[in-house]
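Inside the fold
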Amino acid sequence: MIEVKNLVKRYREQEVLKNVSCTFEKGKITGLIGRNGAGKTVLMKCICGFVPPTDGEIFIDGKKLHSKMPPDLSDIGMIIENPGFLDAYSGYHNLAFLAKINEKIGKKEIREVIKTVGLDPDSRKRVGKYSLGMRQRLGLAQAIMEDQKILILDEPMNGLDNRGVEDIRNLLLSYRDSGKTIILASHSKEDINILCDKIYEMDNGEIINIIEKQ
């Protein structure tokens, strides 16, 4: 479970998060909706530890996230903004490089996760030649490849065709049912309505509405 309490983030004179309090529960998909600039991505970055809050607290499984200490991201898989990869290498080799950081998985697991998101692990195509949808699939593979407990996904369907959207929706629902904590930001009302158990609507750095499905 992730708990956010009275979170504030200021950039000089601009307050982009204003006393945001919310919870993200295990075994549920929680949606973040709102127009561009509402604060969704900044909130996600704070939860990941990429952006230190100006004020407020974040707890992950009861442990407070400290702004002065490097965050432990080993249990968090994420897509935030555009996934960054080495364009001169294949999808497989990109994931292999990333897997060396934590040394939790090997070649077999990398190949399996690439297949899971609908890509070919044997393809030598450089990521620089990937379509937007292929790049997004690879980003999702990176987010899930080490069986992370928490998934933080900012527009994960971006660039996917109808078949790709359906595939990823089914994948996320299976991960929810396996007990993962999933945070999803999307401009697609259909994705939000199909996938999310709870929805926070944000505007101008504040939560203005909470929708909980029965």
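Residues numbered from 1 in each chain as written. Predicted model: local features only at pLDDT ≥ 70, side-chain atom pairs only at ≥ 80, totals over all residues. Heavy atoms only, no water.

Let's talk about a nonpolar patch on the surface
Judged by side-chain polarity, Leu86, Tyr89 and Phe97 come together as a nonpolar surface patch covering roughly 280 Å² of accessible area. Topologically, Phe97 is positioned in helix 2 (residues 91–102). (Patch = residues over 30% accessible without salt bridge, like charges linked within 9 Å, V, L, I, M, F, W, Y side chains within 5 Å. Areas by Shrake-Rupley, 256 points an atom, 1.4 Å probe, with all protein chains shown as cover. Salt bridge = Lys/Arg side-chain N within 4 Å of Asp/Glu carboxyl O. Helix = DSSP H or I, 4+ residues; strand = E, 2+ residues; numbered from the N terminus.)

A word on the sheet that holds strand 4 (residues 55–60)
In spatial order, the strands read 2-1-4-5; together these four strands make up an open sheet with antiparallel pairing. In this open sheet, the two strands that pair with only one neighbour each are strand 2 (14–24) and strand 5 (63–64). Across two bridges, the pairing between strand 4 and strand 5 is antiparallel. Following the sheet pairing, Phe59 is matched in strand 5 by Lys64. (Pairing = 2+ DSSP bridges.)

Topic: the packing of aromatic side chains
Within the structure shown, the criterion is met by two aromatic pairs. For the pair Phe24 and Tyr200, a centre-to-centre distance of 5.9 Å together with 65° between the ring planes defines the contact as edge-to-face. Of this pair, Phe24 sits in strand 2 while Tyr200 is found in strand 9 (residues 198–203), placing the two residues 176 residues apart along the sequence. Aromatic pair Tyr89 and Phe97: ring centres 5.1 Å apart, planes at 85°, arrangement edge-to-face. The ring of Tyr11 has Lys9 sitting right over it, with the charged end atom 5.0 Å from the ring centre. (Phe/Tyr/Trp six-rings, centres within 6.5 Å; stacked < 30°, edge-to-face > 60°. Lys NZ or Arg CZ within 6 Å of the ring centre and 35° of its normal.)

Examining the side chain of Thr181
Structurally, Thr181 can be placed in strand 8 (residues 181–185). Those residues within four positions of Thr181 in sequence are excluded, and the remaining contacts are Met1, Ile2, Phe24, Glu25, Lys26, Gly27, Lys28, Lys149, Ile150 and Leu151. (Contact = heavy atoms within 4.5 Å.)

Some details on the confidence of the model for the protein
With 97% of its residues at a pLDDT of at least 70, the protein reaches an overall mean of 92. Predicted confidence in the protein is weakest over strand 5, with a mean pLDDT of 86, and strongest over strand 3 (residues 29–33), with 97. (pLDDT = per-residue confidence, 0-100.)

Description of the pairing of strand 8
Of all five residues that make up strand 8, five are buried, and the element is covered over most of its length. As judged from the four bridges shared by strand 3 and strand 8, these two strands associate in the parallel manner. Bridging from a neighbouring strand, Ile29 pairs with Ile182 of strand 8. Where strand 7 (residues 150–154) lies against strand 8, five bridges are found, and the strand directions are parallel. When the bridges of strand 8 are listed, Ile150 appears paired with Thr181. (Buried < 20%, exposed > 50% of the residue type's maximum accessible area, 1.4 Å probe, protein only.)

Topic: the state of the cysteines
Where two cysteines share a covalent bond between their sulfur atoms, that bond is called a disulfide. For the structure on display, the rule yields zero disulfides. With no disulfide partner, Cys48 has as its closest neighbouring cysteine sulfur the one in Cys46, 9.4 Å distant. Left unpaired, Cys196 is separated from the closest cysteine sulfur, that of Cys22, by 13 Å. Residue classification places Cys196 among the buried residues on the basis of a relative accessible area of 2%. (Disulfide = S-S within 2.5 Å.)

A word on the nonpolar core
Ranked by size, the top nonpolar core spans 36 residues in total, and within it Leu95, Ile110, Leu140, Ile144 and Leu153 carry the most contacts. Of all the secondary-structure elements, those providing two or more residues to this core are helix 2, helix 3 (107–116), helix 4 (132–144), strand 7, helix 5 (162–177), strand 8 and helix 6 (189–195). One finds Cys22, Leu32, Val51 and Ile152 within the second-largest nonpolar core, a separate group that totals 28 residues. (Core = buried A, V, L, I, M, F, W, Y, C linked by side-chain atoms within 4.5 Å.)

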